[in-house]
Amino acid sequence: MVTNMWDSAMFLSTLTPKFYVALTGTSSLISGLILIFEWWYFRKYGTSFIEQVSLNHISPWIGGGDNGDNGSGSNSTSSNNPNNVSECKVWRNPLNLYRGAEYQRFYWATNKEPLTYYDMNLSAQDHQTFFTCEADAGKAEYEIMQTAWRERNPMVRIKAAHKALETNAECAPAYILLAEEEATTITEAEKILKQALKVAETNYRKSQQMQHQGSIMEAQHRRDTNVLIYIKRRLAMCARKLGKLKEAVKMFRDLTKEVPPIMNVLNIHENLIEALLEMQAFADVQAVLAKYDDISLPKSATICYTAALLKARVVADKFSPDVASKRGLTTAEMAAVEAIHRAVEFNPHVPKYLLEMKPLILPPEHVLKRGDSEAIAYAFFHLPHWKNMEGALNLLHCTWEGTFRMLPYPLERGHLFYPYPTCTECADRELLPSFHEVSVYPKKELPFFIIFTAGLCSFTALLALLTHQYPDTMGCAAKSVLSWLSLPVYYIYEKVEGLLPNNLLQQFSKV
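Residues numbered from 1 in each chain as written. Predicted model: local features only at pLDDT ≥ 70, side-chain atom pairs only at ≥ 80, totals over all residues. Heavy atoms only, no water.

## Brief notes about the overall build of the chain
Part 1: Looking only at helices and strands, the chain has 27 helices and two strands in total.
Part 2: When burial is assessed residue by residue, the chain has 45% of its 511 residues classed as buried.
Part 3: Sequence separation of at least 24 residues holds for 71% of the intrachain contacts in the chain that already meet a minimum separation of 6.
Part 4: Surface exposure of the chain reaches about 27,800 Å², of which carbon and sulfur atoms provide 58%. (Helix = DSSP H or I, 4+ residues; strand = E, 2+ residues; numbered from the N terminus. Buried < 20%, exposed > 50% of the residue type's maximum accessible area, 1.4 Å probe, protein only. Contact = heavy atoms within 4.5 Å. Areas by Shrake-Rupley, 256 points an atom, 1.4 Å probe, with all protein chains shown as cover.)

Right, here's the structure in full:
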């Protein structure tokens, strides 16, 4: 054994500095590649690739399957929760902008795409669901529009809409597409939508008379109803954008009385709330909240944060954190703080946008409730209302972080809502443009594997550089390190040799 160790030492002493340079350089390159891949995977999916492989594939092999399950118990609990499914569902943004009049103008100014293909594909699916039916078979104009909704190129979609109108001037979906994408101003979009409204009302009356003549006619009437409601809603949004608030509020109120299935998707009450806040009709806003802020109805950032804003309005102008810390919170102040905590628990991303700690971008056409996309959509339209309320942002600034003290483990257990869903980050990355830094909650620390790989890469690179510059010195240092590491081994060997008989060691050596 001593001879073998001596041979190993002789072999290491004969190695040239070039070998050490090549060895450390290669290990540094491999470590760097691993680091780059780990960093990219963490940025894209929010988790460590090595950690995932270790927990999901390696741990079961070495008997660690039970521990792995316990470690991810919070995630499995929240994902198995039936109420979590609806929270991870992607919803249509009730206040989505016009592509031609707003999104396209942003692209012209910045040369950045404000919408992702995933988001636009969801909109295409929505339009096909809302504006097509079985009765369209054999009708050239509607078949053209069915294809147009699926086109990626906006110019191709616009040409298809014009072709559909040339085929039949009473094709309301074609007018909708032109208002959404060809019109470059809100006024122009409103003009096209008014033409569409006349056509849609005519088609609605025709199909209403024949809706009981079979399932196909019933489907056509349902489609015509969807088209009519969609046009009215977009017209009301045009009126809101053009400052015709009373007209917009009246149209939104009329639409909230409708009961077709499309109303569950459009969430028009959120449009109504925003318009009423602009009018500062706070009593009317409270009445709308009383109807929709119900335990049996799905929540949204608009519902929760508007309720907090109305309660903050009572105390915000006189609120002082120094005074409140000395005398304690009054009943009204406590109600406002609790409302803010409730809103922050539902969507913790909103305060950073309202407090302008993060830059706002144009909201997407679809949002994920409790996610960053919903926070952007809410703050984009409601930030002026918080600014107009004296002291409201100050109260929010002083109290919103207190929510997290009540939620030490938000993925495992919530306070007023279900645990925070784990699916929001991945979905938001698909919905939001690449130039936006997605907000992540709870904030994830950089995985140990990335830190370890970065340290290993830096250390081996430093060794390679030093060996290349000072080969003799590094060779002596390597021999010294090897001699130090071998000392405990020699010591243990000598002790064992002294304790055991010589013949036993000879028997071991033969084996």
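Moving on from the model shown.
## What about helix 22 (residues 372–388)?
Part 1: Taking 1.5 Å of rise per residue, the 17 residues of helix 22 would be expected to cover 24 Å, and the 24 Å separating its terminal C-alpha atoms lies within 8% of that figure.
Part 2: The sharpest bend along helix 22 measures roughly 50 degrees and falls at His-382, with the proline Pro-384 sitting one to four residues further on.
Part 3: With 13 of 17 residues buried, helix 22 is to be regarded as a mostly interior element. (Expected span 1.5 Å × (residues − 1). Bend = angle between axes of the 7 residues up to and from the residue.)

## Quick look at helix 23 (residues 392–399)
Part 1: Of all the positions in helix 23, only Ala-392, Leu-393, Leu-395, Leu-396 and Thr-399 are classed as buried. Seen end-on, helix 23 carries its buried residues on one side only, within an arc spanning 160 degrees.
Part 2: Packing partners of the buried residues in helix 23 comprise helix 18 (301–315), helix 20 (331–346), helix 21 (350–354) and helix 22. (Arc of directions from axis to C-beta.)

## So, the side chain of Glu-365
Part 1: By the secondary structure assignment, Glu-365 is in the loop between helix 21 and strand 2 (366–368).
Part 2: Exposure remark for Glu-365: the relative accessible area of 3% places this residue in the buried category.
Part 3: A distance of 2.4 Å separates the side chain of Glu-365 from the side chain of Ser-123, its partner in a polar contact.
Part 4: Beyond its immediate chain neighbours, meaning those up to four positions away, Glu-365 contacts Arg-92, Asn-93, Asn-96, Arg-99, Tyr-103, Leu-115, Asp-119, Met-120 and Ser-123. (Polar contact = N/O pair within 3.5 Å; in protein donor to acceptor, adjacent residues only side chain to side chain.)

## Here we look at the pattern of salt bridges
Part 1: Under the counting rule described, the total for this entry stands at 18 salt bridges.
Part 2: Between Lys-241 and Glu-102 there is a salt bridge, with the nearest N and O atoms lying 3.1 Å from each other. Note that Lys-241 is positioned in helix 13 (residues 215–241) and Glu-102 in helix 7 (residues 99–110), a separation of 139 residues in sequence.
Part 3: A salt bridge links Arg-253 to Asp-284, with the shortest nitrogen-to-oxygen separation between them at 3.6 Å. A residue pair is termed long-range when its members are at least 10 positions apart, and Arg-253 in helix 14 (residues 245–256) and Asp-284 in helix 17 (residues 282–292) qualify at 31 residues. (Salt bridge = Lys/Arg side-chain N within 4 Å of Asp/Glu carboxyl O.)

## A closer look at the confidence of the model for the chain
Part 1: Mean pLDDT over the chain stands at 81; residues scoring 70 or higher make up 80%.
Part 2: By mean pLDDT, helix 5 (residues 73–80) is the weakest element of the chain at 36, and helix 22 is the strongest at 94.
Part 3: Of the regions scoring below 50 in pLDDT, residues 64–87 engages in 23 contacts with residues more than four places distant in sequence or in other chains. (pLDDT = per-residue confidence, 0-100.)

## Comments concerning the packing of helix 9 (residues 140–150) against helix 10 (residues 154–167)
Part 1: Contact pair helix 9 / helix 10: the axes reach a minimum separation of 8 Å and the direction vectors enclose 170 degrees. By the criterion of interaxial angle, the relationship of helix 9 to helix 10 is roughly antiparallel. Between helix 9 and helix 10, the contacting residues are Ala-140, Glu-141, Ile-144, Met-145 and Ala-148 on the first element and Arg-157, Ala-160, Ala-161, Lys-163, Ala-164 and Thr-167 on the second.
Part 2: When grouped by side-chain class, the residues that make up the contact of helix 9 with helix 10 number seven nonpolar, one polar and three charged. (Axes fitted to C-alpha atoms, helices over the stretch in contact; angles between N-to-C directions. Parallel < 35°, antiparallel > 145°, perpendicular 65-115°, else oblique. Nonpolar A, V, L, I, M, F, W, Y, C, P; charged D, E, K, R; others polar.)

## Structural notes on the nonpolar core
Part 1: Among the nonpolar cores identified, the biggest contains 98 residues, and Met-145, Ile-231, Phe-252, Tyr-305, Leu-354, Trp-386 and Leu-396 are the most heavily contacted of them.
Part 2: What Leu-396 contacts, discounting residues up to four positions off in sequence, is Ile-340, Pro-351, Leu-354, Leu-355 and Trp-386.
Part 3: Leu-95, Leu-115, Met-120 and Phe-381 belong to the second largest nonpolar core, which has seven residues in total. (Core = buried A, V, L, I, M, F, W, Y, C linked by side-chain atoms within 4.5 Å.)

## Notes on the packing of helix 14 against helix 16 (residues 268–279)
Part 1: Where helix 14 meets helix 16, the axes come as close as 9 Å, and the angle between the chain directions of the two elements is 150 degrees. On the basis of their axis angle, the class for helix 14 and helix 16 is roughly antiparallel. At the point where helix 14 passes helix 16, the crossing takes the left-handed sense. Packed against helix 14, whose contacting residues are Leu-245, Lys-246, Val-249, Phe-252, Arg-253, Leu-255 and Thr-256, the element helix 16 presents Ile-268, His-269, Asn-271, Leu-272, Ala-275, Leu-276, Glu-278 and Met-279 at the interface.
Part 2: Class assignment for the residues of the contact of helix 14 with helix 16 results in nine nonpolar, three polar and three charged. (Left-handed = near helix turned anticlockwise from the far one by under 90°.)

## Some words on the packing of aromatic side chains
Part 1: Per the stated rule, a full pass over the model turns up seven aromatic pairs.
Part 2: Seen from their ring centres, Phe-346 and Phe-417 are 5.3 Å apart, and the 65 degrees between their planes marks the pair as edge-to-face. Pair noted here: Phe-346 is in helix 20 and Phe-417 is in the loop between helix 23 and helix 24 (424–431), with a separation of 71 residues, a long-range link.
Part 3: On the accessibility criterion, Phe-346 (3% relative accessible area) is buried.
Part 4: For Phe-417, a relative accessible area of 16% corresponds to the buried category.
Part 5: The interplanar angle of 75 degrees and the centroid separation of 5.0 Å between the aromatic rings of Phe-380 and Phe-381 together place this pair among those described as edge-to-face.
Part 6: By relative accessible area, which is 12% here, Phe-381 ends up buried.
Part 7: Among the aromatic residues, those joined into a ring-pair cluster are Phe-130, Phe-131, Trp-149 and Tyr-230.
Part 8: It is Lys-112 that lies over the ring of Phe-435; its NZ or CZ is 5.0 Å from the centre.
Part 9: Positioned above the aromatic ring of Trp-91 is the side chain of Lys-369, whose terminal nitrogen or guanidinium carbon lies 4.0 Å from the ring centre. (Phe/Tyr/Trp six-rings, centres within 6.5 Å; stacked < 30°, edge-to-face > 60°. Lys NZ or Arg CZ within 6 Å of the ring centre and 35° of its normal.)

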